[in-house]
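Each chain is listed here by its residues.
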Amino acid sequence: MLEVKDLHSGYGRIDVLKGIGLEVHAGEVVALIGSNGAGKTTLLRALSGVQPVSGGEIRFLGQRIDKLAPHKRVGLGITQSPEGRQIFGPLSVADNLRLGAYLRKDDGIEADRERVYAMFPILKDKRDQQASGLSGGQQQMLAIGRALMGQPKLLLLDEPSLGLSPILVDQILDAVVAMRSSGITILLVEQNAAAALEIADRGYVIETGRIVHAGPAAELLTDPKVKAAYLGLD
Amino acid sequence: MSELLQFLISGLTVGAVYALVALGFTLVYHAADVVNFAQGEFVMLGGMVTVFAYAAGVPLPLAALLAVIVAVVVGLLLYWLAIAPARGASAVSLIIITIGASILLRGAAQIVFDKQFHKLPAFSGDAPIHLFGAVIQPQSLWVLGGAALVVLTLYYVMERTLIGKAVVATAANRLAARLVGVNVATVMALAFGGSAAIGAIAGILITPITLTSYDVGTLLALKGFAAAMLGGMGNPLGAVIGGLFLGLLESFGAGYVSSTYKDAIAFIVILAVLFVAPQGLVGRRKVERV
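Residues numbered from 1 in each chain as written. Chains lettered and ligands numbered in written order. Predicted model: local features only at pLDDT ≥ 70, side-chain atom pairs only at ≥ 80, totals over all residues.

(A) Quick look at the sheet that holds strand β3 (residues 29–33) of chain A. Residue and element names in this part refer to chain A. An order of β6-β7-β8-β3-β9-β10 is seen for the 6 strands of this open sheet, with the pairing classed as mixed. Each end of this open sheet is capped by a strand with a single partner; those strands are β6 (78–81) and β10 (210–216). Taking each pair of neighbouring strands and ignoring which way they run, the sheet shows an average axis angle of 15°. When strand β9 (residues 202–207) meets β10, the two strands line up antiparallel, connected through 6 bridges. Its bridge partner being in β10, E207 is matched across the sheet by R210. Each of β3, β6, β7 (154–158), β8 (185–190) and β9 is contacted by helix α1 (residues 40–48), which is oriented at about 150° to β7, the strand it contacts most. Seen against the sheet, helix α6 (residues 136–148) touches β6 and β7 and runs at an angle of roughly 175° to β6. (Pairing = 2+ DSSP bridges. Helix = DSSP H or I, 4+ residues; strand = E, 2+ residues; numbered from the N terminus. Axes fitted to C-alpha atoms, helices over the stretch in contact; angles between N-to-C directions. Contact = placed C-beta atoms within 7 Å.)

Given below as structure tokens:
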């Protein structure tokens, strides 16, 4: 579904991605793990088109998309719940979700909003409130819900568990599993590597802009090097 | 008493025009993060195009419509030719670009039109209305009513339509707006077009009272900017309040102190806002969540 080949990107003269290659197949949950500054967020932003790339290719459903504008990629079915939530603070919860479906013209928008409310009931209770008044966990749910409103084929989740309590992390990860079973392919970026690999099919480990390990999630979970570096185990 | 009422009405009338100019500033600042000092030229274009089209025999309503269209086209060209290519430039560079554009527009207007002052007939006659000893020109009611209509329309668009919400969303978080599929360039072009229309309407409404010429834009831009600052830059409600307040200050200042210093009041307001309340009357300090 998604093929990335030799992708380069950077900020000014500093290269952040130094030839990333990865694949995501339809129906998978793929985890991308790595430490702070490894290039995880830069990669997701490059996939969405909000971070310029200096080389390499991105193909989605067989089509080159690395030159497409961000809104064209959303139209093709790639949406993202960005790092740090990035909700629309002055707008209501309901409007945030409506804007997630900004490009859609079909009449299933209302039903999809109800589906998001069913997944995160707290959002329904607060639907008329300003999004800036939500707690961190609720904002995270809103960011994920907003990305779902775009009817993604491929959902990019950037650090959905960052700064959340363990109970909320479980709730978010359960939601990811539920999304996968409803047919959405997911590329999940996480610093919480153990949690991410537990729900993922496959995983990639990224270090200073390069993929250094790849494999089935269960194998990465038991790989001694990965364990030592990212899982905090010996 | 009648004197007070007189100053109040003339203050509100001119204040409504400042409010519209401030609203234009706010809209562009909100959506595109640009302080557009060519805002006053839209007001000039509104008045001048209407005057010349009307003089050429076009009926007044059509002449006014034509003026709004011309201003919108100029606003879009300003965005596409001057602002869009400079994406990523610093705020100061963008301000200098808009000042340059405003000088260009003024120069072009001087050539296309002329250097004379021009007047339009009042929309519904010159017979003054007497109210509690004060004299109201019917055109004042047109200005106030027209401004109110513009404000309500803008409010409706921003609060109730998807494209309006996209503008608010772009202002609130540009990255997230792009990620949900908002074409940010379209939103910015819309903001420039919209602010040009608002400015042109202000120019058309006020010309029967204050006259117009190729260079009325400069002072109006500065006063509208003062009003926008007074209300808290980027806050539409604040822009309206700031505009009306500035109009009243000028009117009462001219009436009770000295009309010599009428134009100085706007600049005193800018300085006072910068020293005392940089966030404006209505605006809040920006709180960054970390």
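After that view of the structure, there is still more to cover.
(B) Layout of the environment of B:N36. Residues and elements named next belong to chain B. Position of N36 relative to the elements: it lies in the loop between α1 (2–32) and α2 (39–55). A sequence separation of 10 residues divides N36 from T26, and the C-alpha atoms of the two residues are 9.2 Å apart. In this structure N36 touches F25, V28, T98 and S195, once residues within four positions along its chain are discounted.

(C) Geometry of the sheet that holds strand β4 (residues 53–60) of chain A. All names here are of chain A. With antiparallel pairing, the 4 strands of this open sheet are ordered in space as β2-β1-β4-β5. Of all the strands in the sheet, just β2 (14–24) and β5 (63–64) have a single pairing partner and so form its edges. In the sheet, strand β1 (residues 2–11) pairs with β4 via 6 bridges, with the strands oriented antiparallel. Its bridge partner being in β4, L2 is matched across the sheet by F60. Here α1 sits on the sheet in contact with β1, β2 and β4, set at roughly 70° to β2.

(D) Layout of the interface of chain A and chain B. If you look at the interface, chain A gives 21 residues, while chain B gives 15 residues. Only α2 (70–76) and α3 (93–100) of chain A provide two or more residues apiece to the side of chain A that touches chain B. The element that contributes the greatest number of residues to the side of chain A that touches chain B is α2(A), accounting for 4 residues. For the side of chain A that touches chain B, the class distribution of residues is 11 nonpolar, 8 polar and 2 charged. (Nonpolar A, V, L, I, M, F, W, Y, C, P; charged D, E, K, R; others polar.)

(E) Structural view of the environment of A:G75. Residues and elements named next belong to chain A. Within the element layout of this structure, G75 appears in helix α2. What makes G75 partly exposed here is the crowd of 14 C-beta atoms within 10 Å. Between the C-alpha atoms of G75 and A101, which are 26 residues apart in sequence, the distance is 10.0 Å. (Buried ≥ 20, exposed ≤ 12 C-beta atoms within 10 Å, placed from the backbone.)

(F) Local environment of the pairing of β8(A). All names here are of chain A. Burial runs high along β8: 6 of the 6 residues are buried. Residues T185, L187 and V189 of β8 are buried on one face, and the alternating residues I186, L188 and E190, pointing to the opposite face, are buried as well. Relative to β8, β3 is paired through 5 bridges, and the arrangement is parallel. Residue pairing in the sheet places I33 in a bridge with E190 of β8.

(G) Layout of unusual backbone geometry. Residues and elements named next belong to chain A. For R85, which is not glycine, the phi torsion reads 70° and is therefore positive. Residue placement: R85 occurs in the loop between β6 and α3. Exposure remark for R85: the 27 C-beta atoms within 10 Å place this residue in the buried category. Although it is not a glycine, E159 adopts a positive phi angle of roughly 50°. Mapped onto the elements, E159 comes out in the loop between β7 and α7 (166–181).

(H) Representation of the nonpolar core in the model. Counting 160 residues, the largest nonpolar core has A:L188, B:A19 and B:L20 as the members making the most contacts within it. No other element matches the 16 residues that helix α8 (residues 184–210) of chain B contributes to this core. Excluding residues that lie within four positions of it along the chain, B:A19 makes contacts with B:A147, B:A227, B:A239, B:V240, B:G243 and B:L244. (Core = buried A, V, L, I, M, F, W, Y, C linked by C-beta atoms within 7 Å.)

(I) Representation of α8(B) within the structure. Residue and element names in this part refer to chain B. Given a rise of 1.5 Å per residue, 27 residues ought to cover 39 Å, and the 38 Å separating the end C-alpha atoms of α8 matches this to within 8%. Counting buried positions along α8 yields 22 of 27 residues, so the element is predominantly enclosed. Of the residues flanking the end of α8, it is L211, one or two places downstream, whose phi is positive at about 70°. (Expected span 1.5 Å × (residues − 1).)

(J) How the structure looks around the pairing of β4(A). Residues and elements named next belong to chain A. As judged from the 2 bridges shared by β4 and β5, these two strands associate in the antiparallel manner. From the neighbouring strand, F60 faces β5, where its bridge partner is Q63. Following β4, the chain reverses through 2 residues before pairing antiparallel with β5; L61 in that reversal takes a positive phi of roughly 55°.

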